[in-house]
Structure formats: structure tokens, C-alpha cells
Amino acid sequence: MAQVLSLHVFFSAEIHKVGPSKPLKRVHKPKTSLSTRRKGPQSPLRKIQKLNLQVSPHRAVSAVRLMRIEMGGAFADLLNDKGKGSGDNEMGYVERTLGFRTKDLDDRDLRLVTDIVGGTIRWRRYLDYLIGSLCHDEKVFRSMEPLLLQILRIGFYEIVKLDMPSYAVVDENVRLAKVSLRPGAGNMVNGILRKLVLLKESNSLPLPKLEGDDRAQARTLATLYSHPVWMVRRWTKHLGQEKAIKLMMWNNDDPSFSLRANSGKGVTRADLVMQFNMLKVPHELSLHLDHFVRVKTGLQTVIQAGLLKQGLCAVQDESAGLIVSVVNPQPGDSIIDCCAAPGGKTLYMASQMHGQGMLYAIDINKGRLRILKETAELHQVDGVITTIPSDLRTFAESCRLKSDKVLLDAPCSGLGVLSKRADLRWNRRLEDLEELKKLQEELLDAASILVKPGGVLVYSTCSIDPEENEERVDAFLLRHPEFCIDPVDRYVPPDFVTKRGFYSSDPVKHSMDGAFAARLIRTL
């Protein structure tokens, strides 16, 4: 069970370590339950009556999952090592929410759920614009009940973005609305989807025009490429409109994943490639890291084959692997990973130490540290890892521990990983950046205390925003003149080195997550 949990955490977080995906300030939500099932024992006859084989299973699961994600109760991915077992879990949510079950999900259904859920979330703003345009009454759209809206979003995404046969999309989403809501809801879905089909066939979908001042153009781009307006304005300012559009297109594309061969267990990349060939999983070798392999499709096959559960490899983006290269862990090193959980970089660093030295993994989350420890045992690198549950700021004040190398992979906005975290763009606010910047500075100050004279402090994020990256380093150096920049050109390929000697990966340019790292040396 620990391995299953670790996979869930790694897919949802360590592929891209980010700060809280919800607003940092406490939000009081109404106590609304997704479940419509009455409590109490169910008779066998009752259970049989709840089976509805006419409803498309992947659409029912997608609609319920989208509701759970939007209300904060689920992640956007379906990746785990259970394969078909995950379909049982999802169908359980359908039964509790809609009051019936459909036929079991097969592998194709699971892939469709992943595609539809991820795509619908990415394109939510654009889909809502189309739905609102076809309603012809903004009040109707604004007052639409959540399940009905999710069913429409699914139908619009399937027709506009997946080019599925329109008759099947209309028929099956209408049936889902009628069975899960009421006949009138099905009639509404039927009318709106049929309008959409006619407009698409005549190539006359309603689209906003790119005109007006910067604000107006940002609103249009935000709709066309389905991102929050504040992100569009920020990227247009820092990158220019053309690069901002390319970045949004990257974020909206299906993500690719990288897997790292677990050298701590003696697994080489060649071993991993042999396994992929046997499984007929398309792949390509990383151009930058010797232990990494990229896959665009077939990750679910790798998971079902048990390669992750056996500890032969780990899902880890190359951008995160290059941050470890900046740290440059060596056998015999003393290293502190300040915000370690769920531990992707910790495990990779430990594998590079070949059983010699000590790696202290600090994190405020005891549960995720426990998973890290269990995964370290699975990967056979636990001999060099010591987990320390603590707030870094408190720990640094009271601890005399000093290390050769300290990694602060700081909580951040996650603006570099929106390709994989489809839901993050809608959960992040501009106000979060200000709160995160304050937290990043406090953590940097604390991490600096743990560095030996002559030692190295690496500050990293999975953000592409200069205010979280270069500007935080500059502010730190003003407060701590005992540190200076150590250029990273000795540790990563030249294409990733900025003019000031920092590491930076660009999603569009490098086809990987956006990330940043500064290597700083303590001179005193």
C-alpha cells in the first residue's frame, strides 16, 4: 500500500514540486456533498437496480471526477499502479454521487477518462466561453448546476478538441444528463450540443477578436488559449506576446513524462530501455541526463507492468534531474534537502552517493516524509537518508548541523509545470505570488544557516517567474554578503545556463518543465 500511495504523491507533486494548489489564505467553503445516495444498508435488489449499462462509463466517471477536482477533492491524474483497479474506485464515486453504476471501465475507458478530464480542465475557460455563447443568456450559464455544466464541458471538448463522432457525443451525453439529473436537463444538453455541431461543421464557432488595448488583448488570449488573464498579462510582459502564446500552447498539449532508471538498485538506462521494448512502449533517450528516458504515451502500461512498484524506476522530469546535477551530490557528501517531501530529488541524490555520506531530508509534512522513507527502502538508498519532520525555519534556529551542500527546493507557484498540473492554473492567484515570495525568503534565510563555510546552497523552484527566481536570489545576496554566485556551467549543458550563471529550463525551448536553480557558495 505504501508504494501505491507513493506513486500517487509522486505523480501529483514531485514531478513538479509546487506550493499549495489552493489559495494560501483559508477559504470557508459551503458544506456541500457530492453524494446523493441515502445512508443505510442497501439490499442486493437495490444494488442491481442501480446498474445502468446504457450510460457511457468513461463519461460518467469523467463528469464526477471533474466535479471532485473543481471542489478540491481530487487530483487531475489517474496514474497509479492498479490499472483496472482504479476504475473500480472511480465507479464507486459515480455510484455515491449519481446513485447508479455503469459497466466496468476497461483500459481504453481509463485512457479516455485521463484524456477527457485533463483536456477539459486545460480548456475550461475556452469551453465555458463557447457554452455561454450558445446559451444566449448569461444568466442561464451562470446559474447552471455543477453536474450539468461538467456534462456540457465534456461534450464540447469531445466535439471541438477530440473530433469524436458528433452523433455519439450528443446521444451519450444527453443520456447521462437524463439519467443522472432529469429529462429536462437532457433536452437542454441535446439542444446546446446540436447547435455546437452545426457551428463546427460550418466552421463558424464563436471566437473573441484580438483587438483593443493590452488588457483587452490579454482577455482575448486568455479565452483563446484557456489561461487566467493575470498569467497572460504577466507572460506577455516578461516574454512578449508571441512567446507567451507558445508557452500557453505547450501547457495545453498532452504532457510527456520522463522516467529515471534507479541506479541505487543497480538498474541502468539500458535495462529500462529493454523493459520498454518488451512492453512495446515508445520512448526516446534523454539528451541531457544518462539515467533518464522520455515517454509520450504508454506510461499507464509501464505502471501496470509494475516497474515503479518494484523500484526499478521513478517518474521524474528532466528539469528536476538537472537541479540535482546543479547540487552535484558525491559519495561522502553531507547534504541537507530542506523541503524534501515527497522526495524525488532526495532519492536521485541518494542514488548518486553510492551508499557513502549522509543525506538529511527535512519536511514539515510527517505523512509525506514517511512515504519518502518507505520509497527510499524500496529503491535501496535508505542507508544514506535520515528523515527529519520539522519546519525548516524552526529547525535551523535550534540545530547546529552544518552540511557541505544544502538544497532548498522551495514551495512556489508552479508556473513551470502547468502542462502536467492541468488544474493548477485555475487554483493559483496573483496574490499567492506575494505570499510565496515572503515564504521563499524566510526559507532561504533558514537554509543558509545550515551551510558550512565553503559549502554550497542551491535554491531551486519549478517556476518560470523572475520574481520567484532571480529576484529572490538577488534579495538574498543583499541580506547575505557571505554568499556569492557559483556559475552552473560545470554541472549542466550550456543551453540551460543563463547569462548570470543560473540554471533555467524553458518548457517551449527544451520540451520539459520550467525550472530554475542558483548555486551559491558560502565564503565565510
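Refer to the structure printed above.
Worth saying up front: this structure is predicted, and the values here are computed from it rather than measured.

## Points about unusual backbone geometry
The step from Ala 341 to Pro 342 runs through a cis peptide bond, and the omega angle for that step is 5°. Along the chain, Pro 342 turns up in the loop between β5 (334–337) and α17 (344–352). Positive phi, close to 50°, is recorded for His 354, a residue that is not glycine. Inspection of the secondary structure puts His 354 in the loop between α17 and β6 (358–363).

## A short note on the pattern of salt bridges
Overall, the coordinates contain 35 salt bridges when judged by the stated rule. Between Lys 345 and Asp 409 there is a salt bridge whose closest N-O contact spans 2.9 Å. Remark: Asp 409 occurs in strand β8 (residues 403–409) and Lys 345 occurs in helix α17; sequence separation between them is 64 residues. For Lys 345, a relative accessible area of 5% gives the class buried. For Asp 409, a relative accessible area of 3% corresponds to the buried category. Salt-bridge contacts for Asp 432 lead to Arg 428; the nearest nitrogen and oxygen are separated by 3.5 Å. Each member of the pair Asp 432 and Arg 428 is classed as buried.

## A short note on helix α10 (residues 183–201)
Taking 1.5 Å of rise per residue, the 19 residues of α10 would be expected to cover 27 Å, and the 27 Å separating its terminal C-alpha atoms lies within 8% of that figure. Among the residues of α10, Ala 185, Gly 186, Val 189, Ile 192, Leu 193, Leu 196 and Val 197 are the ones counted as buried. Along the long axis of α10, the arc covered by the buried residues comes to 145°, so they all point the same way. Opposite the packed face of α10, turned more than 90 degrees from it, sit the exposed residues Pro 183 and Leu 198. Asn 203 occupies a position one or two residues after α10 and carries a positive phi of about 55°.

So, how was this worked out
Residues numbered from 1 in each chain as written. Predicted model: local features only at pLDDT ≥ 70, side-chain atom pairs only at ≥ 80, totals over all residues. Heavy atoms only, no water. Helix = DSSP H or I, 4+ residues; strand = E, 2+ residues; numbered from the N terminus. Salt bridge = Lys/Arg side-chain N within 4 Å of Asp/Glu carboxyl O. Buried < 20%, exposed > 50% of the residue type's maximum accessible area, 1.4 Å probe, protein only. Expected span 1.5 Å × (residues − 1). Arc of directions from axis to C-beta.

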